Amino acid sequence: MRIALDAMGGDHAPGEIVKGAIEAAEELDLQILLVGRPDAIEPLLAEASASARSRLDIVAASEVIAMDESPATALRKKKDASIVVATRLVKEGRAQALVSAGSTGAQMAASLLGLGRISGIDRPAIATILPTLEGGKLLLDVGANSEAKPRNLLQFAHMGSIYAEKVMGIANPRVALLNIGEEETKGNELVLGAYGMLREAPLRFIGNVEGRDLFFGRADVIVCDGFVGNVVLKFGEGMVSALKTMIKDELKNSRMAQVGAFLATPALRGMGKRLDYAEYGGAPLLGVNGVSIICHGSSKAKAIKNALRVARQGVQQNFIAAIQEHIPGKVEPVC
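Quick look at the structure, then. (Residues numbered from 1 in each chain as written. Predicted model: local features only at pLDDT ≥ 70, side-chain atom pairs only at ≥ 80, totals over all residues. Heavy atoms only, no water.)

### Concerning the layout of surface pockets
If you add up the space inside the second largest pocket, you get close to 230 Å³. Contributing to the lining of the second largest pocket are A72, L75, R76, K79, V84, T87, R88, K91, A110, L113 and G114. Taken together, the elements giving at least two residues each to the lining of the second largest pocket come down to α4 (71-77), α5 (82-91) and α6 (104-115). When residues in the lining of the second largest pocket are grouped by element, the largest group, 4 residues, is from α5. By residue class, the composition of the lining of the second largest pocket is 5 nonpolar, 2 polar and 4 charged. (1 Å grid on protein atoms, 1.4 Å probe; cavity = no way out; pocket = protein on both sides within 12 Å on 5 of 7 lines; lining within 4 Å. Points joined across faces, edges and corners; volume = space filled by probe spheres on them. Helix = DSSP H or I, 4+ residues; strand = E, 2+ residues; numbered from the N terminus. Nonpolar A, V, L, I, M, F, W, Y, C, P; charged D, E, K, R; others polar.)

### Quick notes on empty space enclosed by the protein
Taken as a whole and assessed by the stated rule, the structure comprises 1 cavity of 30 Å³ or more. A volume near 50 Å³ is recorded for the largest cavity. Across the lining of the largest cavity, the residue classes break down as 4 nonpolar, 5 polar and 1 charged.

### With respect to the pairing of strand β10 (residues 283-286)
Side chains A283 and L285 project from β10 onto one buried face, and the interleaved P284 and L286 project onto a second face that is buried too. Here 2 bridges tie strand β5 (residues 125-132) to β10, and the two strands are oriented antiparallel to one another. Counted as the bridge partner of I126 is L285 from β10. Relative to strand β11 (residues 291-294), β10 runs antiparallel, the two being bridged by 2 bridges. Paired with A283 across the two strands is I294, which belongs to β11. Linking β10 back to β11 in an antiparallel pair, the connection comprises 4 residues, with G287 at a positive phi of about 115°. (Buried < 20%, exposed > 50% of the residue type's maximum accessible area, 1.4 Å probe, protein only. Pairing = 2+ DSSP bridges.)

Bear in mind that shape data such as this cannot, by itself, settle questions of function.
Written as structure tokens, this is what we have:
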């Protein structure tokens with residue numbers, strides 16, 4: 001299996017990106033195509049073992065799309081950008097999946113233009129895994145669509161349910177709608193419209209869940225528009241970061257607390273691992289006709305390695321074909 005990795009995308013590119021690729025090449029059964037400037041990538045491969053180096057190939061791309069560039073404008077002007085070339089490799093069948101920690105907007109645009117949408121899907125959605133008391137659960141959309149229609153949320157629910165079952169291994173996943181209350185009469189027009197459609201859909205729809213329910217794992221797939229989803233995602237990231245800082249500050253103020261923390265080190269490490277986004281790798285862009293994994297812009301080697309693992313799982317489980325098979329017959333053009 002070959003995966004195209006945008007070696008130039010992200011806050012820590014290309015160093016951490018290439019390092020993550022080396023780790024993945026050593027641990028996973030993958031051939032990784034490192035897309036970017038050869039002069040920047042080649043020296044970094046000196047750290048790779050002979051076996052890992054044999055699984056890493058460089059595909060030249062002379063340009064990079066910066067985080068602050070307009071995706072549409074950049075794609076028109078930078079035909080040899082690393083994200084464009086990486087997407088082209090998937091389109092041409094030279095790679096089976098794409099991974100990038102670069103501009104999310106550029107990756108979305110490149111995937112839509114280069115790979116196209118799956119028939120029956122109006123808009124793609126970014127899905128991310130939330131750590132909960134019941135394991136990882138899927139939240140979508142988390143940023144692809146700041147505005148949506150009820151029909152879009154219905155499509156997100158179908159795609160999320162298929163991904164949760166095929167890739168995450170959750171049998172008959174519970175699907176819920178993120179709302180301001182559990183009652184079906186609550187919410188804005190978008191949520192009220194989506195509720196009725198989801199209730200009639202061939203899904204295991206369990207109704208509404210509130211923000212406080214998310215981390216208790218009441219639902220396996222939680223659906224919302226991209227504006228709400230992105231706020232939830234960033235709030236969760238900020239809360240985890242703030243809690244870590246609070247714990248460190250409290251430990252500094254008490255010798256007894258430091259002793260207790262030392263005794264609880266294994267448990268604290270386990271909790272930190274469960275809350276670390278790097279453990280979950282990247283977020284799939286669902287709805288495009290190819291496996292496109294979006295990584296956090298600040299991703300380091302561990303996150304990149306795990307994103308490559310997620311991409312491999314997506315290809316192995318063939319969730320694209322599952323969506324293609326089920327979406328057209330399930331989602332009728334209601335609105």
